[in-house]
Amino acid sequence: MKSLKLFLLATVLVASYGTTALAQDHKKDTKKEEKKMEMKEHVCTAACKDGKHMYAHGEKGHTCTDACKKEMKKK
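Residues numbered from 1 in each chain as written. Predicted model: local features only at pLDDT ≥ 70, side-chain atom pairs only at ≥ 80, totals over all residues. Heavy atoms only, no water.

(A) Focus on the overall build of the protein. Each helix and strand in the protein was counted, giving 2 helices and 0 strands. Every one of the 75 residues in the protein was classed for burial, and the buried ones make up 7%. Surface summary for the protein: the accessible area is close to 7,200 Å², and the carbon and sulfur share equals 61%. (Helix = DSSP H or I, 4+ residues; strand = E, 2+ residues; numbered from the N terminus. Buried < 20%, exposed > 50% of the residue type's maximum accessible area, 1.4 Å probe, protein only. Areas by Shrake-Rupley, 256 points an atom, 1.4 Å probe, with all protein chains shown as cover.)

Right, dumping it as structure tokens:
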């Protein structure tokens, strides 16, 4: 009886570890997909002045800053 309880305990532990590992793998895959965002060509706006372009999020040439990342998390 004691060995049956140990076997069941071991099975539950292994199963819970497996589901945790699968969940972590899924998070890694979604992060990779986010980084593969399709970049659009830049379209000048009123913010572009004297040959200095202000690139919007998702445009070629844009570099995300901390402020940009915070703004994207809000959406």
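(B) Structural context of a positive patch on the surface. A contiguous patch of positive charge on the surface is contributed by Lys69, Lys70, Lys73 and Lys74. Classification of lysine 73 by relative accessible area gives exposed; the value is 73%. (Patch = residues over 30% accessible without salt bridge, like charges linked within 9 Å, V, L, I, M, F, W, Y side chains within 5 Å. Salt bridge = Lys/Arg side-chain N within 4 Å of Asp/Glu carboxyl O. Lys, Arg positive; Asp, Glu negative; His and termini not counted. Charge placed at Lys NZ, Arg CZ, Asp CG, Glu CD.)

(C) Quick peek at the environment of methionine 54. With respect to the element layout, methionine 54 can be found in the loop between α1 (2-35) and α2 (66-74). Separated by 12 residues in the primary sequence, methionine 54 and histidine 42 place their C-alpha atoms 8.9 Å from one another. Once you skip the residues sitting within four places of it in the chain, methionine 54 turns out to touch His42, Ala47, Cys48 and Glu59. (Contact = heavy atoms within 4.5 Å.)

(D) A look at the state of the cysteines. For the coordinates displayed, the defined rule picks out 0 disulfides. Cysteine cysteine 44 remains unbridged, with the sulfur of cysteine 48 as its closest cysteine sulfur at 4.1 Å. Owing to a relative accessible area of 17%, cysteine 48 belongs among the buried residues under this scheme. (Disulfide = S-S within 2.5 Å.)

(E) Quick peek at a nonpolar patch on the surface. A cluster of nonpolar side chains, Met1, Leu4, Phe7 and Leu8, forms an exposed patch at the surface whose accessible area comes to about 480 Å². The topology assignment puts leucine 4 in helix α1.

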